[in-house]
Amino acid sequence: MKSAFLLIPVMLSSLAAAADVQPVELHQQLSLPAGVTDKVVALTLDACGGGFDADLANFLIERRIQATIFATRRWIRRNPDGLAVLKAHADLFDIEDHGANHLPAIIGADRSVYGLAGVADLKQLKREVSGGADAVKAATGTAPRWYRGATGEYDPEALKTIEAMGYKVAGFSVNADSGATLAKKQILRRLKKVRSGDIIIAHLNKPASDTGEGMAEGLQLLLDEGYRFVTLRDAQVVPVGGR
Ligand SMILES: [Zn+2]
């Protein structure tokens, strides 16, 4: 009887600790080598699930804009034509790991972020990360170096686990399309705030959204201002405050 009473506060405190874990959104910018005076930005485009925004990809190809594509295994399997376009321009597009099934790096299937349930445990997180990496390697012949979890939100424990697997975790400093939900003029407003060193996030998997048109117009403005685009492949990044 006595021991049962003792157990209760312990259980309550561990439940409270689990509920207190707040996912973090990673904000990063490029760490530009000393002496770099030109305007440099990294464009990252997530291919979560869904389709392929051929108009946006064609715009990037025509303007010779480099981009890092975070693709899930699910997207790779569903979009062989889109994948072929990206692979045909390997000088522009670096394909990195966005997980196997677009599960957020949040521990606990009873927790969710932006409506997506978390992974059950660290074991499932590792399967999500390595399943995506294997798919990228099989599709491109090149092993990914970077990971971005679904929704871009991470439990601190999940972050450590992914980094211990050997991946760099990609954040961003400018959220250009809020999950492909923004109207063209909102996207433009956000891209007009881009500064050198920024890492931009938008989406390549929502052809019916305003993202393609808004990004094309906004990226053209950046080109006109003299910005050049790099991929994350060999980039160094530094944490920054949210904007
Ligand atoms: Zn995604």
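Look up: the structure comes first, before these words.
Turning our eyes to something else, we now look at the overall build of the protein. The secondary structure content of the protein amounts to eight helices and 14 strands. Against the 2.2 N^0.38 benchmark of 18 Å for 243 residues, the protein shows a C-alpha radius of gyration of 19 Å, consistent with a compact globule. Considering the protein as a whole, with its 243 residues, one finds that 48% of them fall into the buried category. Restricting to contacts in the protein with at least 6 residues of sequence separation, those with at least 24 account for 78%. With an accessible surface of roughly 11,700 Å², the protein has 54% of that area assigned to carbon and sulfur atoms. Side-chain charges of the protein comprise 29 positive and 28 negative groups, with the mean position of each set lying 2 Å from the other.

In this section: the pattern of salt bridges. Evaluation of the coordinates by the stated rule reveals 10 salt bridges. Residue arginine 148 is joined to aspartate 46 by a salt bridge in which the shortest nitrogen-to-oxygen separation is 2.7 Å. Of this pair, arginine 148 sits in the loop between strand 8 (146-147) and strand 9 (153-154) while aspartate 46 is found in strand 3 (residues 40-47), placing the two residues 102 residues apart along the sequence. With a relative accessible area of 1%, arginine 148 lands in the buried category. The exposure class assigned to aspartate 46 is buried, which follows from its relative accessible area of 3%. Among the ionic pairs, lysine 184 bridges to glutamate 213, the shortest N-O distance being 3.3 Å. Placement of the pair is lysine 184 in helix 7 (residues 184-191) and glutamate 213 in helix 8 (residues 211-224), with a sequence separation of 29 residues. Lysine 184 sits in the partly exposed class, given a relative accessible area of 25%. Judged by relative accessible area, glutamate 213 falls into the exposed class, the value being 53%. Salt bridges here are not isolated pairs; linked through shared partners, they connect Asp94, Glu96 and Arg233.

This next bit is on the environment of glycine 241. Its place among the elements puts glycine 241 in the segment after strand 14 (237-239). Residue class for glycine 241 comes out exposed when judged on its relative accessible area of 54%.

For the rest of this paragraph, the subject is the nonpolar core. Counting residues in each nonpolar core, the largest one holds 39 residues, and the members touching the most others are Leu43, Leu45, Leu60, Ile69, Ile200, Met215 and Leu219. In terms of residue count, helix 2 (residues 54-63) provides more of this core than any other element does, five residues in total. In this view, leucine 43 contacts Leu60, Ile65, Gln66, Ala67, Thr68, Ile200, Met215, Leu219, Phe229 and Val230; residues no more than four positions away in its chain are not counted. Of all hydrophobic cores here, the second largest spans 14 residues; its members include Val119, Val129, Leu159 and Ile162.

All right, on to the packing of helix 2 against helix 8 then. Close contact between helix 2 and helix 8 brings their axes to 9 Å; oriented N to C, the two are set at 20 degrees. One way to sum up the angle between helix 2 and helix 8 is to call them roughly parallel. Crossing geometry of helix 2 relative to helix 8 is assigned as right-handed. Where helix 2 abuts helix 8, its residues Leu56, Phe59, Leu60 and Arg63 lie against Thr211, Gly212, Met215, Ala216, Leu219, Gln220 and Leu223. For the contact of helix 2 with helix 8, a count of residues per class yields seven nonpolar, three polar and one charged.

A separate point is the layout of surface pockets. Of the voids in this model, the largest pocket is the one considered here, and its volume is about 370 Å³. What lines the largest pocket is a set of 19 residues, among which Tyr114, Thr151, Ser178, Gly179 and His203 lie closest to the centre. Looking at the lining of the largest pocket residue by residue, the classes come out as five nonpolar, 10 polar and four charged.

Analysis parameters
Residues numbered from 1 in each chain as written. Predicted model: local features only at pLDDT ≥ 70, side-chain atom pairs only at ≥ 80, totals over all residues. Heavy atoms only, no water. Helix = DSSP H or I, 4+ residues; strand = E, 2+ residues; numbered from the N terminus. Rg over C-alpha atoms; globule rule 2.2 N^0.38 Å. Buried < 20%, exposed > 50% of the residue type's maximum accessible area, 1.4 Å probe, protein only. Contact = heavy atoms within 4.5 Å. Areas by Shrake-Rupley, 256 points an atom, 1.4 Å probe, with all protein chains shown as cover. Lys, Arg positive; Asp, Glu negative; His and termini not counted. Charge placed at Lys NZ, Arg CZ, Asp CG, Glu CD. Salt bridge = Lys/Arg side-chain N within 4 Å of Asp/Glu carboxyl O. Core = buried A, V, L, I, M, F, W, Y, C linked by side-chain atoms within 4.5 Å. Axes fitted to C-alpha atoms, helices over the stretch in contact; angles between N-to-C directions. Parallel < 35°, antiparallel > 145°, perpendicular 65-115°, else oblique. Left-handed = near helix turned anticlockwise from the far one by under 90°. Nonpolar A, V, L, I, M, F, W, Y, C, P; charged D, E, K, R; others polar. 1 Å grid on protein atoms, 1.4 Å probe; cavity = no way out; pocket = protein on both sides within 12 Å on 5 of 7 lines; lining within 4 Å. Points joined across faces, edges and corners; volume = space filled by probe spheres on them.

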